[in-house]
Each structure stands twice: as C-alpha cells, then as structure tokens.
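# An overview of the molecular structure
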Amino acid sequence: MTLYQQAKTKYEALGVDVEAAMSKLQSAPVALHCWQGDDVRGFDTDPTKPLTGGIQTTGNYPGRARTPEELMADIDLVLKLCPGTKKMNLHASYAIFDEENGGWVDRDKLEPKHFKKWVDFCKERGLGCDFNPTFFSHPKCDPLTLASPNEETRRFWIDHGKACIRISQYLAEELGQPCIMNIWTGDGFKDIPADRMGPRMRYKEAMDEILSEPFDFDKVKPCVESKVFGIGVEAYTVGSAEYALLYAALNAGKCIPLMDNGHYHPTEVVSDKIPALLSFFPELALHITRPIRWDSDHVVLLDDETKEICKEIVRCGGLEGRVHMALDYFDASINRVSAWVTGFRNVQKALLMALLTPNEQLKTLQDTDQFTELMVRQEEMKTLPFGEIWNEYCRRCGAPEDGAWFATVQQYEKDVQQARG
Ligand code: RNT
Ligand code: ZN
C-alpha cells in the first residue's frame with residue numbers, strides 16, 4: 001500500500017469519501033488576484049507615486065513585475081505551481097494600453113478593448129476572470145471618490161464604475177464564466193468627522209447610479225466590500241460593515257456582499273459571518289487574506305481561521321456556487337511569486353481539509369448534545385495524515401507536491417526577476 005492509500009483508509013474509516021473530496025475541490029474556482037505581482041501598482045498611473053485609499057504595500061524585495069508581459073509571465077508560473085481551478089482577478093488599473101487600442105485613457109473612459117489582452121491570456125489558459133473598479137491611487141481621489149462632496153469628482157468615479165460594469169459583462173461573455181465585480185472604496189477620514197451621514201448618502205446614490213448600468217446578473221455579480229479602517233483613514237470609513245451589508249441586502253438581484261477577513265475588529269471572525277449571511281443572502285463573495293494587528297493584507301497561511309473559513313464555505317454549500325472565493329493580499333517584502341503560491345496553496349489545503357471532514361457525523365453529535373465526543377472527534381481530525389492526501393491531490397492536478405516547488409521559484413528569481421530593475 002502506498003502512503004496515499006494508507007492515509008485514504010484512515011479517512012474512509014471515519015466515513016469520508018476521499019475521491020469525492022478531491023474532485024469536488026477541483027470543480028471550485030478560486031480567483032487569483034493580479035495585484036500581488038506588482039504591489040498594487042497597475043499600468044495606468046505613475047508607478048513612483050504612493051498608493052492611496054488606505055492601502056499600502058511595504059517592503060522592496062527585488063523583482064516586482066513592471067509591465068503586462070512581466071506580470072503575465074509571473075502569473076503563469078503561479079498557475080503552474082498551484083493545484084486546483086483558478087480564475088483571474090483584475091483591477092481596472094491593469095488596463096493594457098497600446099497603439100492598436102488608441103493608447104492611454106483615464107479610468108472613466110475605459111473600454112473592453114483595454115482588456116482584450118487579458119481576455120486572450122485567460123482564453124489560452126481556460127480561465128474565467130473577475131474584475132474590480134479601481135477607486136484608489138489616482139489623482140482624481142480628492143481624497144474621496146464615490147462619497148466626495150465634489151460633483152465633478154463623483155461623476156468621474158461613477159462613470160468609472162459604469163465602465164467597469166460594461167467591461168465585466170465583456171469578460172463574462174468572452175470567457176463563459178460569471179464575473180464577480182467588486183466595489184471597494186477607501187473613502188474615509190483620518191480624524192473625527194463632522195458629518196458621517198452625508199458621505200454615506202452620496203456613496204449610496206453613486207452606487208445606485210453605477211448599478212443602473214444594464215447588465216445580466218447571471219453574468220456580472222457586482223459586490224460591495226466593507227472595511228473597518230485604513231491607513232490614513234483611521235477614524236471613519238464610509239463603507240462600514242453595516243452600511244455595505246445593508247446596501248447589498250436592499251439591492252438583492254443586483255448586488256451581493258463581499259467580506260474581506262482583514263476588514264473587521266480583531267476578535268470578529270468571518271468564519272462565523274459566512275453562515276450568518278448565507279441565512280439571508282443566496283450568495284456572497286470573499287476576499288481571503290490574513291489580518292495581523294492593524295494590517296489586513298498578509299499572505300494567507302494555513303492558520304486556524306483560514307481553516308475555519310473553509311470549513312464554513314464547504315458546510316454551507318459554498319462550493320456549489322453560493323460563495324465566490326478570491327485571494328486578496330500583497331506583500332512586497334518577500335518573493336512575490338512565492339507569496340502568491342503560498343497563499344493559493346494554503347486556501348486549497350484548507351478547503352481540502354474541510355472536504356475531508358466527516359461533517360454530517362459531527363453535526364449529528366452536535367444535534368444530539370454529544371459535545372464531549374464532538375470535541376474529541378474534532379481534535380483527533382487534526383492528526384490525520386492529511387499531507388498524503390494533499391500530495392495526491394497535487395499529483396492529480398499536475399502541480400508539484402509540497403517540497404517540490406520552491407526551488408522553481410528560486411531559479412525563476414535568479415533567471416528572470418533579478419534582472420528587473
Ligand atoms: C483593501 C481592500 C481591497 C483591495 C483590493 C486591491 O483594503 O481589501 O479589496 O485590497 O481591491
Ligand atoms: Zn479586499
């Protein structure tokens with residue numbers, strides 16, 4: 001018996017169907033965020049200007065992708081080193097301008113043609129694509145965007161949002177998979193505001209206008225992402241948790257909520273919020289990240305909360321299309337490809353662990369008040385030979401096992417990334 005077969009027998013003894021777990025995982029796409037490769041710079045603004053909107057990358061590890069070609073090459077390596085089904089996740093700031101499509105335009109004038117090269121990239125690799133309007137790191141942030149009191153600023157960003165709906169529809173149609181279009185703005189204030197409601201009313205109206213742009217909800221899924229605070233906007237965030245959740249609740253059929261697990265107070269957990277929201281919303285979207293103290297964007301590890309989030313996704317029917325999963329982190333202090341791969345593989349691991357859990361049996365223990373046994377069984381799950389099933393899953397996906405991919409990244413760093421200025 002191989003190590004895999006031995007491990008499989010152990011899971012089967014608990015009533016777990018290992019084959020079914022692996023094939024289920026392969027059917028569920030996880031969106032890979034393009035912005036880990038270049039520190040959220042994009043291609044449409046001056047790359048030497050700092051990020052704005054309450055987000056920041058720290059670190060100056062060499063090898064940042066500077067062009068679409070470099071970014072795509074890096075993504076190709078990530079795709080190769082990760083098992084499972086991926087889709088791309090782009091920000092509008094990653095529009096590709098060239099002579100053929102008429103060169104640079106501002107964000108309110110973006111068109112599908114500026115994403116043609118990404119569509120070709122996705123088509124060649126059989127990927128779907130999610131999308132995000134970019135309401136930050138731009139001269140038109142005053143510093144507010146959709147919540148700005150300035151009519152002209154607001155108009156610019158509303159037009160940007162509408163352009164992004166059209167682009168999302170194009171991506172969905174070209175690639176034959178729904179496009180999750182996430183609206184997040186960093187609008188907020190560093191210090192105590194005098195008017196908390198005005199910006200929220202303006203944000204609401206602006207969102208209504210953006211969503212009045214025609215789209216097919218089966219193809220384009222607009223989301224609204226909340227946040228508790230950001231760097232430089234510590235006192236007040238327009239799109240707070242209650243605000244974003246209620247907007248989505250009251251605009252059913254047009255908008256779904258997006259939870260980023262880096263965007264809550266430190267003892268709040270998104271794992272618990274998933275079933276809470278799914279009690280009311282048919283579907284929701286997630287940004288999977290790792291909060292650490294005041295920061296929300298560290299590389300995803302195989303930590304307790306990541307595992308718990310994935311358990312809830314699995315148990316609540318998330319893999320049947322109710323939960324749209326995406327990664328969202330950016331670390332500029334380590335090799336960016338390695339950061340990408342580590343986080344993506346960890347989400348796959350946590351999902352596989354959740355699928356290898358005898359959820360029905362554990363639920364029965366809970367429902368029959370057998371809490372002593374529930375604790376014992378849940379604890380014993382932790383020492384099962386998960387690694388052998390994981391390695392088998394990687395082999396079946398044609399991806400390297402643990403221990404067999406990092407050397408490829410080291411070589412790539414030497415051959416390709418170090419040569420970048
Ligand atoms: C920022 C939000 C947002 C961004 C990306 C780049 O705090 O999480 O989702 O990280 O859109
Ligand atoms: Zn996010």
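Note that residues are indexed from 1 along each chain, following the sequence as it is written. Throughout, the order in which chains and ligands are written sets their labels, letters from A for the former and numbers from 1 for the latter. Given that the model is predicted, a residue must reach a pLDDT of at least 70 before its local features are reported, and side-chain atom pairs must reach 80 or more before they are shown or counted; all residues, however, enter totals for whole chains, interfaces and linings. Hydrogens and water molecules were not included; the side-chain quantities draw on all heavy atoms of the structure.

Attention now goes to the nonpolar core. Core analysis: the biggest nonpolar cluster contains 127 residues, and Ile75, Met88, Trp118, Leu286, Leu351 and Leu352 have the highest contact counts within it. Secondary structure elements are taken from DSSP: a helix is a run of H or I of four residues or more, a strand is a run of E of two residues or more, and numbering for both begins at the N terminus. The greatest single-element share of this core, amounting to 11 residues, is contributed by helix 10 (residues 336–355). Contacts are assigned to residue pairs with any non-hydrogen atoms lying within 4.5 Å of each other. When residues no more than four places from it in sequence are discounted, the contact partners of Met88 are Ala31, Leu32, Cys34, Ile75, Phe121, Cys122, Leu127, Gly128, Cys129 and Asp130. Nine residue types can take part in a nonpolar core, namely buried Ala, Val, Leu, Ile, Met, Phe, Trp, Tyr and Cys, and a core is a set of them joined through side-chain atoms within 4.5 Å. Summary of the burial criterion: residues with accessible area below 20% of their type's maximum are buried, those above 50% are exposed, and those between are partly exposed, where the area comes from a 1.4 Å probe applied to protein chains only.

Attention shifts here to the packing of helix 1 (residues 3–13) against helix 2 (residues 18–26). In a pair of packed helices, the angle between the axes and the distance between the axes together describe the arrangement. Throughout, an axis means a line fitted to C-alpha atoms (over the contacting stretch in the case of helices), and angles, computed between N-to-C directions, take values from 0 to 180 degrees. Across the interface, helix 1 lies against helix 2 with an axial gap of 9 Å and an inter-helix angle of 100°. Between helix 1 and helix 2, the interaxial angle falls into the category roughly perpendicular. On helix 2, the residues that touch Tyr4, Lys8 and Tyr11 of helix 1 are Val18, Glu19 and Met22. Across the contact of helix 1 with helix 2, the residue classes tally to 4 nonpolar, no polar and 2 charged. Here is the rule for angles: anything less than 35 degrees is roughly parallel, anything more than 145 is roughly antiparallel, 65 through 115 is roughly perpendicular, and the remaining ranges are oblique. Ten residue types, Ala, Val, Leu, Ile, Met, Phe, Trp, Tyr, Cys and Pro, are classed as nonpolar, four, Asp, Glu, Lys and Arg, as charged, and the remainder, Gly among them, as polar.

Next up on the list: the coordination of the zinc ion (ligand 2). Surrounding the zinc ion (ligand 2) are the protein donor atoms Glu225 (OE), Asp260 (OD), His287 (ND1) and Asp328 (OD), at 2.1 Å. If you look at the zinc ion (ligand 2), its 6 donor atoms make angles of 71 to 172° with each other, and the shape they trace is octahedral. With water excluded from the atoms, a metal site may look incomplete; its donors are any N, O or S atoms within 2.8 Å, or within 3.2 Å for Na, K and Ca. Labels for metal geometry use angle windows, namely 85 to 135 degrees for all angles of a four-donor tetrahedral site, and for square planar (four donors) or octahedral (six donors) sites opposite donors over 155 degrees apart plus all others within 65 to 115; sites meeting none of these are irregular.

Close to ligand 1 lie Trp35, Ile55, His91, Phe136, Trp184, Glu225, Lys227, Asp260, His263, His287, Asp328 and Phe330, which account for all nearby residues. Polar contacts, as used here, are pairs of N or O atoms within 3.5 Å; protein pairs need one atom able to donate a hydrogen and one able to accept it. Residues neighboring in sequence count only if both atoms are side-chain atoms. Between ligand 1 and Asp328 there is a distance of 2.8 Å, counted from an oxygen atom to a side-chain nitrogen or oxygen. For ligand 1, the accessible surface in isolation is 310 Å², of which the surrounding protein chains cover 99%. Here the shell around ligand 1 is built from residues that sort into 5 nonpolar, 3 polar and 4 charged. Put simply, a residue is near a molecule or strand once any heavy atom of it comes within 4 Å of that molecule or strand. Computed by Shrake-Rupley with a 1.4 Å probe, the accessible areas treat only the displayed protein chains as cover when residues are assessed.

Turning our eyes to something else, we now look at the environment of Met375. Mapped onto the elements of the fold, Met375 is located in helix 12 (residues 371–381). A relative accessible area of 58% means that Met375 is categorised as exposed. Distance in space between the C-alpha atoms of Met375 and Leu365 is 9.6 Å, their sequence separation being 10 residues.

So, on to the pattern of salt bridges. Each reported salt bridge corresponds to a side-chain nitrogen of Lys or Arg within 4 Å of a carboxyl oxygen of Asp or Glu. Summed over all chains, the structure comprises 36 salt bridges. Measuring nitrogen to oxygen at the nearest pair gives 2.7 Å for the salt bridge that ties Asp39 to Arg336. Residue Asp39 is found in the loop between strand 1 (30–33) and helix 3 (68–81), and its partner Arg336 is found in helix 10; the two are separated by 297 residues along the sequence. For Arg336, a relative accessible area of 3% gives the class buried.

With that settled, the discussion passes to helix 1. Turning to helix 1, its buried residues number three or more, namely Tyr4, Ala7, Lys8 and Tyr11. In an axial view of helix 1, the angular spread of the buried residues amounts to 105°, which keeps them on one side of the axis. Exposed and facing more than 90 degrees away from the buried side of helix 1 are Lys10 and Ala13. The elements touched by buried residues of helix 1 are helix 2, helix 12 and helix 13 (386–397). Here the arc refers to the directions that run from the helix axis out to each C-beta atom.

Right, let's talk about the packing of aromatic side chains for a bit. Here a Phe, Tyr or Trp ring, Trp counted by its six-membered ring, pairs with any other such ring whose centre lies within 6.5 Å, and the pair is stacked when the planes are under 30 degrees apart, edge-to-face when over 60, and tilted otherwise. Enumeration according to the criterion identifies 10 aromatic pairs in this entry. Here Phe189 and Tyr236 contribute two aromatic rings whose centre-to-centre distance is 5.6 Å and whose plane-to-plane angle is 20°, an arrangement assigned as stacked. Of this pair, Phe189 sits in strand 5 (residues 188–189) while Tyr236 sits in strand 7 (residues 236–237), and the two are 47 residues apart along the sequence. Here Phe189 falls in the partly exposed class, since its relative accessible area comes to 27%. Measuring from centroid to centroid gives 6.0 Å for Trp390 and Tyr393, while their planes differ by 35°, and the two rings are tilted. Linking Trp390 with Tyr393, this pair stays in helix 13, spanning 3 residues, or about one helical turn. An aromatic cluster of at least three residues, connected via ring pairs, comprises Phe135, Phe156 and Trp157. Counting as a charge over the ring demands two things of the Lys NZ or Arg CZ atom: a distance within 6 Å of the ring centre and an angle within 35 degrees of the ring normal. Across from the ring centre of Phe156, 4.8 Å away, lies the NZ or CZ of Lys140, which sits over that ring. Above the ring of Phe217, the side-chain terminus of Lys221 is found at 4.2 Å from the ring centroid.

An α-helical segment advances 3.6 residues per turn. Residues three or four places apart therefore align on the same side. Inspection of helix 4 (residues 116–125) places Trp118, Val119, Phe121 and Cys122 among the buried residues, and these make up the whole buried set. Each buried residue of helix 4 lies within a common arc of 160° when the element is viewed along its axis, so the set occupies one face. Contacts from the buried residues of helix 4 go to helix 3, strand 2 (86–91), strand 3 (129–132) and helix 5 (151–175).

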